[in-house]
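Results of the structural survey
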Protein chains: 2
Amino acid sequence: MSDYLSGSLRRLRPYTPGEQPQDRTYIKLNTNESPYPPSPGVLDALNRQEAADLRLYSDPEAGELKAALAARYGVGLENVFVSNGSDEALNFAFLAYATDGRGVAFADITYGFYPVFAGLYDIPVHTVPLREDFRLAVEDYLGLHQTVVIANPNAPTGLALTRAEVEQVVQGNPDAVVVIDEAYVDFGGESAVELTGRYPNLLVVQTFSKSRSLAGARLGYAIGPAELIADLERIKYATNPYNVNRLTLRAGTQALADRAYFEENCRQIMQTRAYTARRLEELGFSCTDSRANFLFARHPHLSGQAVYQGLKERGVLVRHFDGARIVDYNRITVGTRDQMEILLQRLEELL
Amino acid sequence: MSDYLSGSLRRLRPYTPGEQPQDRTYIKLNTNESPYPPSPGVLDALNRQEAADLRLYSDPEAGELKAALAARYGVGLENVFVSNGSDEALNFAFLAYATDGRGVAFADITYGFYPVFAGLYDIPVHTVPLREDFRLAVEDYLGLHQTVVIANPNAPTGLALTRAEVEQVVQGNPDAVVVIDEAYVDFGGESAVELTGRYPNLLVVQTFSKSRSLAGARLGYAIGPAELIADLERIKYATNPYNVNRLTLRAGTQALADRAYFEENCRQIMQTRAYTARRLEELGFSCTDSRANFLFARHPHLSGQAVYQGLKERGVLVRHFDGARIVDYNRITVGTRDQMEILLQRLEELL
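Residues numbered from 1 in each chain as written. Chains lettered and ligands numbered in written order. Predicted model: local features only at pLDDT ≥ 70, side-chain atom pairs only at ≥ 80, totals over all residues. Heavy atoms only, no water.

As annotated in an unreviewed UniProt entry, chain A carries the name Histidinol-phosphate aminotransferase and comes from Flavonifractor hominis. On record in UniProt, under Pathway (unreviewed entry), the comment for chain A is "Amino-acid biosynthesis; L-histidine biosynthesis; L-histidine from 5-phospho-alpha-D-ribose 1-diphosphate: step 7/9." Quoted verbatim from the Sequence similarities (unreviewed entry) field of the UniProt record, the comment on chain A reads "Belongs to the class-II pyridoxal-phosphate-dependent aminotransferase family. Histidinol-phosphate aminotransferase subfamily." (UniProt positions renumbered as here; feature names shortened; annotations may be inferred.)

The following block contains the structure:
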């Protein structure tokens, strides 16, 4: 840190991404990536001609991809914002709707980036604790008079609200924007996208990172009323109009076209999740009812840290968080069935 | 714009990128892209396996690319920051060093994004006019007690400071960070990179967009003292740790390796620039002494708007700016020799 750095940034605690150790090859079940490559159509689309065209700027309006997203979700072009990963859309939403002293409300256990965005812009945070069983109780989220951010399904718990519950939160905060972060929705959650046409204060954020196997391409999007989308565009054109590169725009458009591949991958991951949860329970673990591409599991006789460390020593990386209420747990990405068999075998050794 | 948008963002005037009309095919000389594709090595590197690996997050530390940049510029890994286009590095520098009421100083005629970044963060702007001949006079930039941002070569004028002049500005503002935006430096400017080891307050920003033909890949970087780089990393980890996608990291590393291709393209563009300037002057235009991959030209008998419009009707796009002092000019990207011949022919028709 230099002596020149501005005050509020000096106090900031940045986000810690999942570890990416270079010392050996691990079975990586720690960052919720897809075990499957992008669709064959995406691989075909990223050809030599597309690479040659990298000399040209990307389309700042992301016209082709927006049209594909609008068609996919049954909304207008003016209802779609395209971002450099969903983190960028979330970042812009914090800046747009939670500064001016208004503040933001989110759960005590949720995506670790929300407090970081708040710190970045000096935004007051109202932490609304999840219930004892990690359930997000809708009645805790009504009439808050603050921007509300909910990950649905939540991370790292995997628990999901129904669409009707989300609608109650949206209705219960008419003077504030409600951001629903649906990074994991394609693995069995109920999306709130279809509600965006009816409420001026609902913004839904999704990503191509998980269900469409494009984490490394950096592509996210927001769907919402035209006025909210215009706000995000405004910030984009004041920071980085060419926020998404050409190849990623191309990959995203093609990934949407290859719908059967996407659906099959999601189905496969949900099936592997159910199988792995059952096997983990046979080993004594208890798992939350995850609707995401990860499991959140603890064992009565082994600490979360011991499970994490023991797996790492055996070549399997999972994610362990320090927070007091979740210190007993590990978040385990659902990989291929083969990867899960190795995980289970290593856990048996550990126990 | 929604009723929910925060106050300072309501007043913001976003940046206007160069037009990208879809109605017909133009010879595009309006956004300073390279007329040459990325190197063959880059095209080879972006292969099917790399596309398949997009399922995995990109390296947030950008280790491979940073090592290549550090080797290329003779600095340490801790002196390199990698960004999603150089706009992102500039954005972070404004946030890091010009908020807290300190303000920022830059020229009246320069890159149009600087006032936008200032507006985004409510940063007071001290405009330091260029001299009558568009020259940036070093004596106007001493002891400002504000963050100083200088595009060198400047845009859209193309005029460049010597390294010694940049050093005077850096020495003359010891209590402030001096950002030198070298987007166009590879076309005949003198880079200040070699000064970064000697001054704690000098940050140099460059891009792969122009001289390395990767505008559409979105890749920039900053080189500076370790403390300043740590500040930018801090902001990156508080906004979007995976700010650059996998394919772009790969492309950038390979582009640096293919140094002969890069040098030959720069040489070719400088040669075409000299040829085009001479021919323009034969047609009565006067051109600034551009060290960038564009020319900045006006005609004594034709308004800047008339030249712009006449060329557009004839299928050639150049960039015209509204600012009072430059309204007679157009900024013309240096394309291939063939593109320049068509430009010159269209201008002859116009005259």
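If you tally the helices and strands in chain A, you get twelve helices and twelve strands. At 20 Å, chain A has a C-alpha radius of gyration in line with the 20 Å of a compact globule built from 351 residues. Taking the principal axes of its C-alpha atoms as reference, chain A extends roughly 55 × 50 × 50 Å. Going through the 351 residues of chain A one by one, you find that 62% of them count as buried. In chain A, of all internal contacts separated by at least 6 residues, the share reaching a separation of at least 24 is 73%. Roughly 12,500 Å² of accessible area belongs to chain A as shown, and the carbon and sulfur atoms make up 48% of that amount. Counting 35 positive and 44 negative side-chain charges, chain A places the centres of these two groups 3 Å from one another. (Helix = DSSP H or I, 4+ residues; strand = E, 2+ residues; numbered from the N terminus. Rg over C-alpha atoms; globule rule 2.2 N^0.38 Å. Buried < 20%, exposed > 50% of the residue type's maximum accessible area, 1.4 Å probe, protein only. Contact = heavy atoms within 4.5 Å. Areas by Shrake-Rupley, 256 points an atom, 1.4 Å probe, with all protein chains shown as cover. Lys, Arg positive; Asp, Glu negative; His and termini not counted. Charge placed at Lys NZ, Arg CZ, Asp CG, Glu CD.)

This next bit is on the domain arrangement of chain A. Residue and element names in this part refer to chain A. Split into domains, chain A comes out as domain 1 (7-37 + 260-350) and domain 2 (40-258). Once you take the C-alpha centre of each, domain 1 and domain 2 turn out to be 23 Å apart. Facing 34 residues of domain 1, the contacting portion of domain 2 comprises 35 residues. Both sides of the domain 1 and domain 2 interface together cover about 2,600 Å² of buried area, and 64% of this is carbon and sulfur. In terms of surface lost to domain 2, no three residues of domain 1 exceed Tyr 15, Phe 262 and Arg 325, which account for 28% of the buried area on that side. If you look at where domain 1 meets domain 2, you find two salt bridges. In this structure, Asp 122 and Arg 11 form a salt bridge, with 3.7 Å as the shortest nitrogen-oxygen distance. At the boundary of domain 1 and domain 2, one finds twelve residue pairs in polar contact (both at pLDDT 80 or more). Among the secondary structure elements, those contributing two or more residues to the side of domain 1 that touches domain 2 are α1 (7-11), α10 (259-282), β10 (294-298) and β12 (329-333). In terms of residue count, α10 provides more of the side of domain 1 that touches domain 2 than any other element does, eight residues in total. Among the residues forming the side of domain 1 that touches domain 2, the class breakdown is 18 nonpolar, eight polar and eight charged. (Domains from an automatic or database assignment. Buried area = accessible area lost by both parts, 1.4 Å probe. Salt bridge = Lys/Arg side-chain N within 4 Å of Asp/Glu carboxyl O. Polar contact = N/O pair within 3.5 Å; in protein donor to acceptor, adjacent residues only side chain to side chain. Nonpolar A, V, L, I, M, F, W, Y, C, P; charged D, E, K, R; others polar.)

The next subject is the pairing of strand β5 (residues 147-151) of chain A. Residue and element names in this part refer to chain A. When you tally the buried positions in β5, you get five out of five residues, the bulk of the element. Alternating positions in β5 separate into two faces, Thr 147, Val 149 and Ala 151 on one and Val 148 and Ile 150 on the other, with burial throughout. The pairing of strand β3 (residues 104-107) with β5 spans two bridges and is classified as parallel. The partner of Ala 105 across the bridge, within β5, is Val 148. As judged from the four bridges shared by β5 and strand β6 (residues 178-181), these two strands associate in the parallel manner. For Ala 151, the partnering residue across the bridge sits in β6 and is Asp 181. (Pairing = 2+ DSSP bridges.)

Residue and element names in this part refer to chain A. For the structure on display, the rule yields 32 aromatic pairs over all chains. Arranged with centres 4.5 Å apart and planes meeting at 15 degrees, the rings of Tyr 15 and Phe 113 form a pair that is stacked. One end of the pair, Tyr 15, is in the loop between α1 and β1 (27-28); the other, Phe 113, is in helix α6 (residues 113-120), and 98 residues separate them in sequence. The pair Tyr 15 / Phe 113 is uniform in exposure class, with both members buried. Site record: aromatic cluster; members linked through ring pairs are Tyr 15, Phe 94, Phe 106, Tyr 111, Phe 113, Tyr 114 and Phe 117. One Lys or Arg, Arg 331, reaches over the ring of Phe 294 and ends 5.8 Å from the middle of that ring. (Phe/Tyr/Trp six-rings, centres within 6.5 Å; stacked < 30°, edge-to-face > 60°. Lys NZ or Arg CZ within 6 Å of the ring centre and 35° of its normal.)

Right, let's get into the packing of helix α4 (residues 63-73) of chain B against helix α9 (residues 246-257) of chain B. Each pair of packed helices gets described by two things: the angle between the helix axes and the distance between those axes. Residues and elements named next belong to chain B. Where α4 meets α9, the closest approach of the two axes is 9 Å, and the angle between their N-to-C directions is 25 degrees. Considered as vectors, α4 and α9 are oriented roughly parallel to each other. Relative to α9, α4 is oriented so that their crossing is left-handed. Seen from α4, the contacting residues are Glu 64, Leu 65, Ala 68, Leu 69 and Arg 72; seen from α9, they are Leu 249, Arg 250, Gly 252, Thr 253 and Leu 256. Class assignment for the residues of the contact of α4 with α9 results in five nonpolar, two polar and three charged. (Axes fitted to C-alpha atoms, helices over the stretch in contact; angles between N-to-C directions. Parallel < 35°, antiparallel > 145°, perpendicular 65-115°, else oblique. Left-handed = near helix turned anticlockwise from the far one by under 90°.)

What follows covers the sheet that holds strand β12 (residues 329-333) of chain B. Residue and element names in this part refer to chain B. Taken in spatial order, the three strands of this open sheet run β9-β10-β12, and their pairing is antiparallel. The open sheet has two edge strands, β9 (286-287) and β12, and neither has a second partner. Pairing geometry for β9 and strand β10 (residues 294-298), over two bridges, is antiparallel. Within β10, the residue paired with Cys 287 across the bridge is Ala 297.

Turning our eyes to something else, we now look at the relation of the copies chain A and chain B. The transform that puts chain A on chain B rotates by 180 degrees and translates by 0.0 Å along the axis, for an RMSD of 0.0 Å. This pairing of chains is accounted for by a two-fold axis. Among all residues of chain A, the minimum C-alpha distance to the rotation axis is found for Asn47(A), at 3.7 Å. (Least-squares fit on C-alpha atoms with pLDDT ≥ 70 in both.)

Moving on to α10(A). Residue and element names in this part refer to chain A. For α10, built from 24 residues, the straight-helix expectation of 34 Å at 1.5 Å per residue is met to within 8% by its first-to-last C-alpha distance of 35 Å. Regarding α10, the residues found buried are Phe 262, Asn 265, Cys 266, Ile 269, Thr 272, Arg 273, Tyr 275, Thr 276, Ala 277 and Leu 280. Elements that come into contact with the buried residues of α10 comprise α4 (63-73), β9 (286-287), β10, β12 and α12 (337-350). Trailing α10 by a residue or two, Gly 284 shows a phi angle of about 100 degrees, which is positive. (Expected span 1.5 Å × (residues − 1).)

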